[in-house]
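# A look at the structure
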Amino acid sequence: DGGITQSPKYLFRKEGQNVTLSCEQNLNHDAMYWYRQDPGQGLRLIYYSQIVNDFQKGDIAEGYSVSREKKESFPLTVTSAQKNPTAFYLCASWDRGSANYGYTFGSGTRLTVV
Amino acid sequence: AQSVTQLDSQVPVFEEAPVELRCNYSSSVSVYLFWYVQYPNQGLQLLLKYLSGSTLVKGINGFEAEFNKSQTSFHLRKPSVHISDTAEYFCAVIPFTGGGNKLTFGTGTQLKVEL
């Protein structure tokens, strides 16, 4: 079945460490997105990519970085510059096809700073 | 730019009672509208969407929503809820064109169904 795979499901980070969250899709979607979810704040856009080798900052990009070297993959790195990284991170891809117009989401990664 | 308002952060309801979750949006351009459901520690699942045509949209799990352009609303309803409907619900919009096809979300409504 086609879908989005995020790994790991749970991730613990020590202060000052960089960590990378994986997002892989086999839906052949061009566009991919990273959202951060905090209680009571909904989902906020971190970065997005509409095509391979190109990406744009979202609303809260500071302290994060991404790459898009392959259509299927859009990893997110949470750097030590992100002062409050504890959150639930969701990856999504976008299908413009008429029948399936909309986003498909992965199951998320919960990052905790220890 | 777009914004989405979900005024009710929590909605408690008894099982088999009807429920309405409210969503209002603001946008300078035309938008498509979506409702998503999220169960604990899971991703978002699409409930329904309005792209065009009939303003009453039916989705999965017995949910429906009505698009009201004049009131810029897209309220979600279910005539009889079940315990399994307990979850968080998000309303979202995306502009017709441009803007990177970015979804803008409301802050969510926690639906708690009680016996």
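To keep things clear, this report deals only with the structure shown in the data block. None of these values were measured; they are calculated from a predicted model.

The rules we used
- Position numbers for residues start from 1 in each chain and track the written sequence from start to end.
- Naming scheme: in the order in which they are written, chains are lettered from A and ligands are numbered from 1.
- With pLDDT at 70 or above as the cut-off, local features in this predicted model cover only qualifying residues; side-chain atom pairs require 80 or more to be listed or tallied, and sums for whole chains, interfaces and linings still use all residues.
- Note: side-chain values were computed over all heavy atoms of the structure, leaving out hydrogens and water.
- We call two residues contacting when some pair of their heavy atoms lies within 4.5 Å.
- Two parts placed together each lose some accessible area under a 1.4 Å probe, and the buried area is that loss summed for both.
- Here a salt bridge means any side-chain nitrogen of Lys or Arg lying within 4 Å of a carboxyl oxygen belonging to Asp or Glu.
- For this analysis, a polar contact is any N or O atom pair within 3.5 Å, provided that within protein one partner can donate a hydrogen and the other can accept it, and provided that sequence-adjacent residues contribute only side-chain to side-chain pairs.
- Helix and strand assignments follow DSSP, with helices taken as H or I runs no shorter than four residues and strands as E runs no shorter than two, numbered in order from the N terminus.
- When residues are sorted by character, Ala, Val, Leu, Ile, Met, Phe, Trp, Tyr, Cys and Pro go into the nonpolar class, Asp, Glu, Lys and Arg into the charged class, and all the rest, Gly among them, into the polar class.
- Note on terminology: disulfide denotes any pair of cysteine sulfur atoms within 2.5 Å.
- For the exposure calls, accessible area comes from a 1.4 Å probe over protein chains only, and a residue counts as buried if that area is under 20% of its type's maximum, exposed if over 50%, partly exposed in between.

Here we come to the interface of chain A and chain B. Facing 25 residues of chain A, the contacting portion of chain B comprises 23 residues. In total, chain A and chain B occlude about 1800 Å² of area from one another, counting both sides; carbon and sulfur atoms represent 52% of this. For the pair chain A and chain B, the number of links is zero salt bridges. Linking chain A with chain B are five residue pairs in polar contact (both at pLDDT 80 or more), by the criterion used here. With four residues, the top contributor of residues to the side of chain A that touches chain B is strand S5 (residues 43-51) of chain A. Of the residues contributing to the side of chain A that touches chain B, the split by class is 13 nonpolar, nine polar and three charged.

Below, the discussion takes up the state of the cysteines. Residues and elements named next belong to chain B. Per the counting criterion, the structure on display carries two disulfides over all chains. Note on cysteine connectivity: Cys23 is disulfide-linked to Cys91, with sulfurs 1.9 Å apart. Taking the sign of the S-S torsion, -65° for the link of Cys23 and Cys91, the bridge is left-handed. Of this pair, Cys23 sits in the loop between strand S3 (19-21) and strand S4 (24-27) while Cys91 sits in strand S10 (residues 87-95), placing them 68 residues apart in sequence. Note on Cys23: relative accessible area 0%, which makes it buried.

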